[in-house]
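For reference, the chains in residue letters:
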Amino acid sequence: MGILTIGTFASLVGSMNLDFVVKLAATALDKGHEVNLWLSGNSTVLVNKDQKEFKDYSHPGVMLPELIDKGLKVVVCEACAMARGVPKEKAIDGVTYTSMDWYLAYGAKGDRLLHIGRE
Amino acid sequence: MGLSILFLVQTPPYKSENPKLALTHALAGPLTELHIDEEVKTTVAFVGDGVLNCLKDQKSMDHWDITSTEQHLRNLLLSDVPVMVCKEDLEKFGISKDRLVDATEMGAEISIEVVPFSEIQAKIDEATALMCF
């Protein structure tokens, strides 16, 4: 099995890119791959544990705790998250806060890098 | 050949965060050795509307109190991260080389390279990974 790193920068609400990313990560995990998910820019809001499941808005963040339990590594750009008012204490348990060099390192070193969705 | 990432910037400055994210990520290349046993080399290439990021004398600090894309570009040049801009796209906008960001007066040893798109395509082929912004 391989190591897949997915990086995304898309908005949580206003685009379906994060919805796609989370479902892709879930599928890859189910197939036995190791999956890293890098969140930067607006996508850092995905880890906010207080997101409500309104049916008018996509809410893929609610899937994260189960996926983290299955082995998904979720890594957040700390500066991007802090700029949006999502410090670690507001984040889902099991999420790592760090800087951009992590994404470059594991994105380039893994078997596949998928950079999905601009802002 | 070592690991390398090409950052391809297609979007104009300030309309979105995309160009700034590309530049700040590219600047993190030398720090990758903190995580893995080798440095990931980064290169930034501007094409299409993205070439507008390379204009000098940006006034974002005056107008919005935020660091300019120009300052991020200077940081890249000062860190010896190669920066390429598409010659054909500059010509479409009527932008001459003397209007581009430069950091040599701050001590940078490299400048923005104006290159034909074919050279950027070659860099895309060479890179371990491509990130489009």
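The shown structure was predicted, so the numbers you read here are calculated from the model rather than taken from an experiment.

This brings us to the pairing of strand S2 (residues 41-46) of chain B. The two faces of the sheet receive side chains in turn, since in a regular strand these alternate between them. Residue and element names in this part refer to chain B. By the criterion of burial, S2 is predominantly enclosed, with five of the six residues buried. Pairing of strand S1 (residues 4-9) with S2 involves six bridges; the strand directions are parallel. Of the residues in S2, the one forming a bridge with Leu8 is Ala45. A crossover links S1 with its parallel partner S2, the connecting element being helix H1 (residues 18-27), and its sense is right-handed. Relative to strand S3 (residues 83-86), S2 runs parallel, the two sharing three bridges. In the strand pairing of S3, Phe46 is matched with Val85.

Taken as a whole and judged by the stated rule, the model has seven aromatic pairs over all chains. Judged by centre distance (6.1 Å) and plane angle (25°), the rings of Trp38 of chain A and Trp102 of chain A are stacked. In this pair, Trp38 of chain A sits in strand S2 (residues 34-39) while Trp102 of chain A sits in helix H4 (residues 100-109), placing the two residues 64 residues apart along the sequence. You'll find Trp38 of chain A and Trp102 of chain A in the same group, each marked buried. Among the aromatic residues, ring-to-ring pairing joins Phe9, Trp38, Trp102, Tyr103 and Tyr106 of chain A together with Phe7 and Phe133 of chain B into one connected group.

Attention now moves to the interface of chain B and chain A. On the chain A side, the residues contacting the 28 residues of chain B number 20 residues. Between chain B and chain A lies a buried interface of about 1,900 Å² when both sides are counted; carbon and sulfur atoms form 68% of it. The interface formed by chain B and chain A contains three salt bridges. For Arg84 of chain A, the salt bridge is made with Glu17 of chain B, and the minimal N-O distance between the two is 2.5 Å. Where chain B meets chain A, there are six residue pairs in polar contact (both at pLDDT 80 or more). Secondary-structure elements contributing two or more residues to the side of chain B that touches chain A are S1, H1 and strand S5 (129-132) of chain B. Of the residues in the side of chain B that touches chain A, the class split is 14 nonpolar, 11 polar and three charged.

The strands making up a sheet are joined through hydrogen bonds of the backbone, oriented either antiparallel or parallel. All names here are of chain A. Spatially, S4-S3-S2-S1-S5 is the arrangement adopted by the five strands of the open sheet, whose pairing is parallel. Every interior strand has two partners, whereas the edge strands, strand S4 (96-98) and strand S5 (112-116), have only one. When strand polarity is set aside, the average angle formed by the axes of neighbouring strands in this sheet is 20°. Pairing analysis gives six bridges linking strand S1 (residues 3-8) to S2, with the strands arranged parallel. Pairing of Ile3 across the sheet is with Glu34, part of S2. Together, S1, S2 and S5 form the strand contacts of helix H1 (residues 17-30), whose direction differs from that of S1 by roughly 170°.

Before going further, it helps to examine the sheet that holds S3 of chain B. Residues and elements named next belong to chain B. Pairing is parallel across the open sheet formed by five strands, whose spatial order is S4-S3-S2-S1-S5. At either end of the open sheet lies a strand with only one pairing partner, and these are strand S4 (113-115) and S5. Pairwise comparison of adjacent strand axes, ignoring direction, gives a mean angle of 25° for this sheet. With four bridges connecting them, S1 and S5 associate as parallel partners. When the sheet's bridge partners are listed, Phe7 is paired in S5 with Met131.

Rules used in this analysis
Residues numbered from 1 in each chain as written. Chains lettered and ligands numbered in written order. Predicted model: local features only at pLDDT ≥ 70, side-chain atom pairs only at ≥ 80, totals over all residues. Heavy atoms only, no water. Buried < 20%, exposed > 50% of the residue type's maximum accessible area, 1.4 Å probe, protein only. Helix = DSSP H or I, 4+ residues; strand = E, 2+ residues; numbered from the N terminus. Pairing = 2+ DSSP bridges. Right-handed = clockwise from strand over helix to strand, strands pointing away. Phe/Tyr/Trp six-rings, centres within 6.5 Å; stacked < 30°, edge-to-face > 60°. Contact = heavy atoms within 4.5 Å. Buried area = accessible area lost by both parts, 1.4 Å probe. Salt bridge = Lys/Arg side-chain N within 4 Å of Asp/Glu carboxyl O. Polar contact = N/O pair within 3.5 Å; in protein donor to acceptor, adjacent residues only side chain to side chain. Nonpolar A, V, L, I, M, F, W, Y, C, P; charged D, E, K, R; others polar. Axes fitted to C-alpha atoms, helices over the stretch in contact; angles between N-to-C directions.

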